[in-house]
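# Understanding the architecture of this molecule
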Amino acid sequence: SQQGEEDPQALSIQEGENATMNCSYKTSINNLQWYRQNSGRGLVHLILIRSNEREKHSGRLRVTLDTSKKSSSLLITASRAADTASYFCATDRGTGFQKLVFGTGTRLLVSP
Amino acid sequence: EAQVTQNPRYLITVTGKKLTVTCSQNMNHEYMSWYRQDPGLGLRQIYYSMNVEVTDKGDVPEGYKVSRKEKRNFPLILESPSPNQTSLYFCASSPLRQGNSPLHFGNGTRLTVT
């Protein structure tokens, strides 16, 4: 069963705009991770946020976590065409990382 | 260069013909895992391994086998492939530090079973 579900499924923006993607999950977690996938290639880890953290930054990325709502958001600021990719959240279902569960992803298109 | 290497990149086969997809990592990671990716379903875990000779089922293990005889290798075996196993497969690895280790992914194997 899918633990994480991203919203929206697809997002189209212009370069320079901000992109926000949301992830909802069902069970308690130890941490939540965000990954990026370029067109059928392997996923690349972006950021990990622990259940006791509320916000985390990495460059142009900002991740928030609301465990009471079982949701997370990924904000990409000042987007670039190179940010065009699919973005996935992954949770550990509270059992540890070995059974990470991925959502279905948000496809982001950034137009020049 | 630290990486996870999968082979082959593309594979077309027929129903029932046994095949193996290889996965190798050069980062001395204890943990390795296989996922399949299908449109609208995201990535689903097939099998994972916590260390040599230690493997366990993921969410969709039916029709697959794995082995972990060496730390660096984690092959995925399809004894009798069927068309519903047509998918994009990813191998991933991670050091065994619970809760704080990102996965390193290979570039994928696109399998078509006719």
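Presented here is an overview of the structure given in this document. Please read these numbers as outputs of a predicted model, since none were measured by experiment.

## A look at the packing of aromatic side chains
Within this structure, the stated rule accounts for 8 aromatic pairs over all chains. Ring plane angle 80° and centroid distance 5.8 Å describe the contact between Tyr35 of chain A and Phe105 of chain B, whose orientation is recorded as edge-to-face. Linking Tyr35 of chain A in strand 4 (residues 31-37) with Phe105 of chain B in strand 10 (residues 104-105), this pair reaches from one chain into another. Judged on exposure class, the residue Tyr35 of chain A and its partner Phe105 of chain B are both buried. Each ring, one from Phe90 of chain B and one from Phe105 of chain B, has its centre 6.2 Å from the other, and the planes form 80°; the classification is edge-to-face.

## Some words on the interface of chain B and chain A
Each side of the interface is counted separately: chain B has 30 residues, and chain A has 23 residues. The contact between chain B and chain A buries some 2,100 Å² in all, and 52% of this surface belongs to carbon and sulfur atoms. The tally of links between chain B and chain A comes to 0 salt bridges. Where chain B meets chain A, there are 3 residue pairs in polar contact (both at pLDDT 80 or more).

## Focus: the sheet that holds strand 3 (residues 19-24) of chain A
All names here are of chain A. Taking strand neighbours across the sheet as the criterion, the 5 strands line up as 1-3-8-7-6 in an open arrangement whose pairing is antiparallel. Each edge of the open sheet carries a strand with a single partner, namely strand 1 (5-7) and strand 6 (55-58). Neighbouring strand axes in the sheet, compared pairwise and without regard to direction, differ in orientation by 20° on average. In the sheet, strand 3 pairs with strand 8 (residues 71-76) via 6 bridges, with the strands oriented antiparallel. Following the sheet pairing, Cys23 is matched in strand 8 by Ser72.

Criteria and cut-off values
Residues numbered from 1 in each chain as written. Chains lettered and ligands numbered in written order. Predicted model: local features only at pLDDT ≥ 70, side-chain atom pairs only at ≥ 80, totals over all residues. Heavy atoms only, no water. Phe/Tyr/Trp six-rings, centres within 6.5 Å; stacked < 30°, edge-to-face > 60°. Helix = DSSP H or I, 4+ residues; strand = E, 2+ residues; numbered from the N terminus. Buried < 20%, exposed > 50% of the residue type's maximum accessible area, 1.4 Å probe, protein only. Contact = heavy atoms within 4.5 Å. Buried area = accessible area lost by both parts, 1.4 Å probe. Salt bridge = Lys/Arg side-chain N within 4 Å of Asp/Glu carboxyl O. Polar contact = N/O pair within 3.5 Å; in protein donor to acceptor, adjacent residues only side chain to side chain. Pairing = 2+ DSSP bridges. Axes fitted to C-alpha atoms, helices over the stretch in contact; angles between N-to-C directions.

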